[in-house]
Every structure is written in C-alpha cells, then in structure tokens.
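If you want the building blocks of each chain, they are given just below.
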Amino acid sequence: MAAMPFATKPPSETRPPETPEAAPESASFLRTVPALCAVGVLIVGQLYTVLPVLGLLADSWSTTAAAAGWTTTAFVVGYAAGFLFWGPLSDRLGRRNLMILGLLLTALTTAAVAAAPNLAVGCTIRVVQGLSAATFAPPAFAYIAERIEPARRVAAMTWLTSSFLAAGVLGQVYAQSVADAAGWRTVFVICAAAMIGGALLLRGVLAPDRTSAATSSLDAYRAMGRLLTKPSLVLLLLTTVTLLCGFVAVYTGLQVAGPANLAGDPDTMLLLRAGSLPAMVLVPLVTPFLVRLPAVHRVVTALLLAALVSAASALLSRGGDIDVVLLAALLFVFVFAIAVTAPALVEAIGAQAAGARGAAVALYTFALFIGASVGPLLATAAGDCSTVFAVIAGVLGTGAVLAALGHRVRR
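Keep in mind it's a predicted model, so treat the numbers as computed, not measured. (Residues numbered from 1 in each chain as written. Predicted model: local features only at pLDDT ≥ 70, side-chain atom pairs only at ≥ 80, totals over all residues. Heavy atoms only, no water.)

(A) Looking closely at the overall build of the chain. Helix and strand counts for the chain come out as 18 helices and zero strands. Here the chain holds 411 residues, and 55% of them are scored as buried. Considering only contacts in the chain between residues 6 or more positions apart, those separated by 24 or more positions represent 86%. Just so you have it, the chain exposes about 16,000 Å², and 68% of that area is on carbon and sulfur atoms. (Helix = DSSP H or I, 4+ residues; strand = E, 2+ residues; numbered from the N terminus. Buried < 20%, exposed > 50% of the residue type's maximum accessible area, 1.4 Å probe, protein only. Contact = heavy atoms within 4.5 Å. Areas by Shrake-Rupley, 256 points an atom, 1.4 Å probe, with all protein chains shown as cover.)

(B) Focus on the confidence of the model for the chain. Taken over all residues, the pLDDT of the chain has a mean of 84, while the share at 70 or more is 89%. Counting contacts from residues 1-23, a segment whose pLDDT is below 50, to residues more than four positions away or on other chains yields 39 contacts. (pLDDT = per-residue confidence, 0-100.)

(C) Quick look at helix 10 (residues 184-205). In this model helix 10 runs 32 Å from its N-terminal to its C-terminal C-alpha over 22 residues, within 8% of the 32 Å that 1.5 Å per residue would give. All of the buried residues along helix 10 are Trp184, Val187, Phe188, Cys191, Ala192, Met195, Gly198, Ala199, Leu202 and Val205. Projected onto a plane normal to the axis of helix 10, the buried residues spread over an arc of 150 degrees and lie on a single side. Turned more than 90 degrees off the buried face of helix 10, the exposed positions are Ala193, Leu200, Arg203 and Gly204. The inward-facing, buried residues of helix 10 contact helix 2 (29-44), helix 3 (54-61), helix 6 (95-114), helix 7 (119-133) and helix 9 (150-182). (Expected span 1.5 Å × (residues − 1). Arc of directions from axis to C-beta.)

(D) Focus on unusual backbone geometry. Phi is positive for Ser62, which is not a glycine, with a value near 55 degrees. As for its position among the elements, Ser62 is in the loop between helix 3 and helix 4 (65-68).

(E) Expanded view of the pattern of salt bridges. Throughout the structure, instances matching the rule amount to two salt bridges. A salt bridge links Glu146 to Arg95, with the nearest nitrogen and oxygen atoms 2.4 Å apart. Linking Glu146 in helix 8 (residues 137-147) with Arg95 in helix 6, this pair joins segments that are 51 residues apart in sequence. Residues Glu146 and Arg95 agree in their burial class; the two are buried. (Salt bridge = Lys/Arg side-chain N within 4 Å of Asp/Glu carboxyl O.)

(F) Up close: helix 5 (residues 70-93). End to end, helix 5 covers 33 Å across 24 residues, agreeing with the expected 34 Å (1.5 Å per residue, within 8%). In helix 5, a bend of some 35 degrees at Phe83 exceeds every other bend along the element. Trailing helix 5 by a residue or two, Gly94 shows a phi angle of about 105 degrees, which is positive. (Bend = angle between axes of the 7 residues up to and from the residue.)

(G) Here's a closer look at the packing of helix 8 against helix 17 (residues 357-382). Look at helix 8 against helix 17: their axes get within 8 Å of each other, and the N-to-C directions meet at 130 degrees. Between helix 8 and helix 17, the crossing angle belongs to the class labelled oblique. Here helix 8 and helix 17 pass one another in a crossing that is right-handed. In this structure, helix 8 uses Ala137, Pro138, Phe141, Ala142, Ala145 and Glu146 to contact helix 17, whose residues at the interface are Arg357, Gly358, Val361, Ala362, Tyr364 and Thr365. Taken together, the residues of the contact of helix 8 with helix 17 break down into eight nonpolar, two polar and two charged. (Axes fitted to C-alpha atoms, helices over the stretch in contact; angles between N-to-C directions. Parallel < 35°, antiparallel > 145°, perpendicular 65-115°, else oblique. Left-handed = near helix turned anticlockwise from the far one by under 90°. Nonpolar A, V, L, I, M, F, W, Y, C, P; charged D, E, K, R; others polar.)

(H) Spatial organisation of the packing of helix 9 against helix 16 (residues 324-350). Orientation of helix 9 relative to helix 16, taken along the N-to-C sense of each, is 125 degrees, at an axis distance of 9 Å. Between helix 9 and helix 16, the angle is such that the two are oblique. As helix 9 packs across helix 16, the resulting crossing turns out to be right-handed. Here Val154, Met157, Thr158, Thr161, Ser162 and Leu165 of helix 9 come into contact with helix 16, specifically with Ile338, Ala339, Ala342, Pro343, Val346 and Glu347. Its residues assigned to classes, the contact of helix 9 with helix 16 comprises eight nonpolar, three polar and one charged.

As structure tokens, then:
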C-alpha cells in the first residue's frame, strides 16, 4: 500500500489483472454477497454455539461446565490449523468447489458432534469439525477479491467480515433458544441440515471455477512460504492476531470478570452482545466513504479508536460497577472499530499476494483465529474487568503500531 499515494480507491482495486485467470467475469453483488454472508454466519457460528449449552453438555457427559469449555478450544485449534491446510488448496481446487465440498464435510462433522457420548469424543470431533469448517473463509474472501467488480469489492468484504463477527452473537442466541426447547443435540442436527442447504445455495449462486492446471498443490504451499518472506506482510499478520484477540477478550472479560452489576446476569450480557449488532451492519453502509483512505490507514485509525475505547472503559470500570447504558455505547463504538479493521486487513494483505491470494487469505484467517484463541486466556489471566480493558487497549494499540511499521517497511 505504501508505495502509492492517497487515492480514492485502494491499490488492490486499481491494479490491473496479471493473468486472464485473475480477472474472470464479474459476479452479481446482490446474488453473491447475501449467500456468502448467510453461510458465513452458519459456519463461524459453530465456534460459539457451545457457549450457551456448556451446562447441558456437562450434565450429558457427566463432567463440569469448565471441562466442557474445552470443546471451544478444540474447535479453534482445528479451525486455525485448517486455514493453513485448505487455504492454499483453493488456488488449485477452485473457490466454489472447495466451499461446497467443505460445507458437505462440515455437515457430517457437525452431525457427529450431536452424537458424541462423552467429553473426550466430543473434543476430538470438535477438532475435526473446526478443520472442515476452515474450508469456507479463505476461498470466500478470495472469490470476492476475484469475482466482485472492483467498485463494490471492499463493501462485499466488509459485509462478509461483519457476518463473521455477528456470528458470535447470533450463534449464541440460536443455540440458547433451540437448546431450551429441544436439547443441545438438536442444536447441531439443525446446523448440519442447514449446511447441506448452504452447499446447494452456493452451487446455484456462485460461478463455476476457472483454475489453472499449471499450478500444483505443492506450488500453492510454496506460495505461502514466499509470502512469509515479506516483512511488511508479516507485520500485517501480527496486527491481525491482535484484532480478534481484543474482540474476544472483551466479551470473555465481561463474562468472567465483569462489573459486579453484570456478574451472573446472562440476560443483560445477551443484550450487550445483541446491542453491538447494529455496529456490524453500519460498517458496510459507510464503507463507500471509508475506502477513500488506503487500507492500512483505515487499519491504524480503527485500531487506535478501539484501543482508546478500551482505555476509557478501563477507567470507568475501576470502581467495580459501570453504567450498563454507557457500557453498551462504548461496546458499540468498539465493535464498529473492529468491524472496520477486519476487511481493511484483508484488503491490505491481499494487495501483496499477487497470484497467491488463497494462500494470503489463509494466513490472514489463521492469524485472526490464533488471536481468538488467545483472547479468553488473556482475559482470564488479567483478573478484574478494569485490568482486562487496560490490557486490551495495549494489545490493540500494539496492533496499530505494527500496521504502521508494515506500511513504512513496504515504502
């Protein structure tokens, strides 16, 4: 990004295609993006569906809720590792093919979770479920980057990343509602059926793949290694780690070390989560104005805003209690900033990928969910709520500095 001056369009959108395969016929925004977002909520929501049912899992498996929480960690481990395996293959197998295959595999593994008889088997299946679920995000981002017309590409990526963030709320609301009515196993059975429907939807909506037979699978993985030799891209990947680390740590911190007036009040916590959903919807609507800044500048500005909000929350919660309405307003701004940062990072990283966009997006999603796995540990170790917010402010501020350094290095 840094080698070019400020422009009305990001470099990734103005750069001419390098090969005929890199610029296939444009896909319909109105057909493609809603379908990808719906499937994105379903897939990423699997990370969060176990959270409201941990007590039910514990009862069913004769263990504790804390032990049942390892099902979340198991999914994240498989999910993050899966990006490194599947992402480069999308350059070889094709974006549409991999997404459809992945949905069918994830339907099987999700149904298997419903049949798990104990914690050990449940955690094992959740690792495999995470591996199969990782087939969606890298090819979805790459498909948008290649198929959506440049003028609407950033908006499309913003809607998709917002759907991933929204899955954190919607997945929990869905699981809590279904589990209360029909039990925890039904939660996963319904999701498995929905994934088969999602595969049929994408088959009907997405354009057929155009892959290059000259590219081998090994070439795809070598491309990932070559990308990691670029210091500016590595700094952006480190920035990416801080993003979901901060996002997940905020909500985990409120859950386990929240102010006294929130502790043990699941209804209020659910309202706080749901109150952030409008921020995720707002970001795509203001994207036409945001793209006037280069992607890295949006990353730095939004991360600094999120860090500032976290620092303010740390000061306001020092007394123990914090006004719920004020906290909801701060969370709204915080989530808005995170939702601005995510697609800007995809754009900035993709701009350095050349013909290895699938490998680049795989590295991005791997870094993103490594941060998500660290977030809960960070929040638990920090202790009280004020300290959690202060630490998150430091993490996100560090991310802004890393992005700025990456911009400077590339120049």
